[in-house]
Amino acid sequence: MGDRDDRNAVGRRVQRLRAERGMTQRQLAEPAYTAAYISTLEAGRVRPSDEALRHLAERLGVGYEELATGRPARLATDLRLRLTEAQRTLATEGAEQAAGQYAELLAEAEAYELAEERAAALLGLGECAVETGELAAGRQYFERAEQCLTDAGAPLPARVPAVRGRALAHYLAGELRYAVYLLESTLDELNRGGLHDPDALLLLYASAIGPYMDMGAHARAAQAAELALSLAPSAGDPALVARMHRSVARTLLAEGRLADADASLAKAAELYRTLRLRTELANCHWMRGYVCAQNGELPRAEEEMREALGMLSASRAALYSSQVAVELADVLHRRGKSEEAAELLHGVLDDLSSERGAVHSAGAHRLLGIIAEDARDTEAAEEHYVRALSLLERAGAAGDLADLCRLLGDLLRRTGRVEAALDAYRTGLGHRTAPGTTTLGPAPAQPPL
C-alpha cells in the first residue's frame, strides 16, 4: 500500500506541516472545509479526496505530490539528474567512485519507493561491479533491477538493459551458452510480440556478437551484426550506436573485412570521444589494436593496446584490463618480446579464473604454452594447454577449442605419444563441427526491417 492510500500517513503529514507553519485547524480548513474535518483527517479516520488534498497543499504551501506521497517536490527529477551524473562518473572517472554515487541514489529511491529510479541505480551498480570484475555481485544487481521493473509493470523493452547486464556478467564469467540463451530468448519475445523498440533490439544484437564469436558461431554473429547495423539509424542513444559499431567490428574481422572493421571502430571512437565515455573508448583502442594485429601491423597494434590498457587501468576496470593484457601479450610475443609477454600474462592470471574471464584466462594459458614450447619446456607447455582446454570446455568456446586441440595434439605427437595426440585431434574435430545452429538451436525471430 502506497503513502497516497495510507490515511494515517497523510494525516500525520498534514498535522506536522500545519504545526511547522503555526496554523490552527480552522485556518487550514477555511474556506472550503471545517476544523472538525481537519481534526478527523489528522487522526487518520478519513481518507482525503484529491480535491481536499489540493486545497490543503495550497494552504500549506507544498506540492500536491509531496503532501500525497511524502516525497519532496522535484525529488524524482533531482534523482534522475544525479543518476546522469553518476553515469558520467562511471564513464570518465571509474567504477569505484561511481558506485558510491549509485549506492546513495539507491538508498534514496528505496526510501521514497521510486521504482524507476531504484532500477536505474541498481543497473548502475551492476555496471560498476562488472567493470571491477565482481561478476557475481553485478549479476545480482542486474537481477534486482529486472525484478524491480517487473514489479512496477514495466514493459519488456524497458527491462532489456537489465537482461543484457545479466547476459554480460554470465558471458564474462565464461558461461557463453547461458548468455546467448538470455539474449536470444529476449530477442525472440520482443520480435514475436511486435515490440520493435530500436534501442532495445540494437543493445541485444550488439551484445550477442561477442558470445557468438567465442562459440565459433560466425554465421550467427554476422547475422546479428547486419541486423544491428540496420537498426542503428533508428536508435536514439549515441552511446548505444557507438557500442554497436565496436561490437560489429569483431564480426567484420572474422569475415576478413579489415578496412570496414577499422572504419566501424573509428566511428565508435569518435562518438565515445564526444561522449567522454572513457571505458568504452578504451575498448575501441583495444579492438583497433586487435584489427591491426590481424592485419600484421604489430607495432601499431601494440601502441593501441597499450593505450587501452593504460586507460582501463586508470579507471580501475580490473577485468577488462586483464583481458586486454592477454591480447597485448600475444602481440608482444609475435614481436619477439616473449619474456615481457610471459611476465604480463603471469601478472594477470590471478585476476582471471573459470568464473571470471574464462575465455581470456584460457587465452593466457594457451599463449604461455606456446612460449614454453618455444623454450623447449614441453612439460610446462602441456600443463598450460590442458588448463586452457578445461577452461574452454566449460565456457563452450568451440572455435578456440578446436585450435587448442591442434596445438596440444601437435605437442603430444612430437613427444612420441601418438594415441594421445589422435585423441586430441579427434576432440578438436568434434568442436570444429559444433558451431552454428547445431550448437545454438534455431535463430531467434527477426524484426520486420
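Residues numbered from 1 in each chain as written. Predicted model: local features only at pLDDT ≥ 70, side-chain atom pairs only at ≥ 80, totals over all residues. Heavy atoms only, no water.

Geometry of a packed helix pair, given as the angle between the helix axes and the separation of the axes. Look at helix α11 (residues 176-192) against helix α12 (residues 198-214): their axes get within 9 Å of each other, and the N-to-C directions meet at 150°. As summarised for this structure, α11 and α12 are arranged roughly antiparallel, according to the angle between their axes. For the element pair α11 and α12, the recorded crossing hand is left-handed. Across the interface between the two elements, L176, V180, L183, E184, T186, L187, L190 and N191 of α11 pack against A200, L201, L204, Y205, S207, A208, P211, Y212 and D214 of α12. Looking at side-chain class alone, the contact of α11 with α12 contains 12 nonpolar, three polar and two charged residues. (Axes fitted to C-alpha atoms, helices over the stretch in contact; angles between N-to-C directions. Helix = DSSP H or I, 4+ residues; strand = E, 2+ residues; numbered from the N terminus. Parallel < 35°, antiparallel > 145°, perpendicular 65-115°, else oblique. Left-handed = near helix turned anticlockwise from the far one by under 90°. Contact = heavy atoms within 4.5 Å. Nonpolar A, V, L, I, M, F, W, Y, C, P; charged D, E, K, R; others polar.)

Moving on, we come to helix α8 (residues 115-131). A rise of 1.5 Å per residue sets the reference length of α8, with its 17 residues, at 24 Å; its end C-alpha atoms lie 24 Å apart and thus fit the reference within 8%. Within α8, 12 of the 17 residues are buried, leaving the element largely enclosed by the surrounding structure. Within the span of α8, buried status applies to E117, A119, A121, L122, L123, G124, L125, G126, C128, A129, V130 and E131. G133 sits one or two positions beyond α8 and adopts a positive phi of about 85°. (Expected span 1.5 Å × (residues − 1). Buried < 20%, exposed > 50% of the residue type's maximum accessible area, 1.4 Å probe, protein only.)

The next point concerns the pattern of salt bridges. A complete count under the given rule lists 25 salt bridges for this structure. Note that K337 and E302 form a salt bridge whose closest N and O atoms lie 3.2 Å from each other. Within this pair, whereas K337 is found in the loop between α18 (318-334) and α19 (338-349), its partner E302 is found in helix α17 (residues 298-314), the two being separated by 35 residues in sequence. Overall, K337 belongs to the partly exposed group, its relative accessible area being 29%. What emerges from the salt-bridge pattern is a single network uniting E302, R306, R335, K337 and E340. (Salt bridge = Lys/Arg side-chain N within 4 Å of Asp/Glu carboxyl O.)

This next bit is on the packing of α12 against helix α14 (residues 238-254). It is at 9 Å that the axes of α12 and α14 come closest, and there the two elements cross at 30°. Judged by the twist between their axes, the crossing of α12 over α14 is left-handed. Note on element contacts: α14 touches α12 through L240, V241, R243, M244, S247, V248, R250, T251 and A254, opposite D199, L202, L203, A206, I209, G210, M213 and D214. A per-class count over the contact of α12 with α14 returns 10 nonpolar, three polar and four charged.

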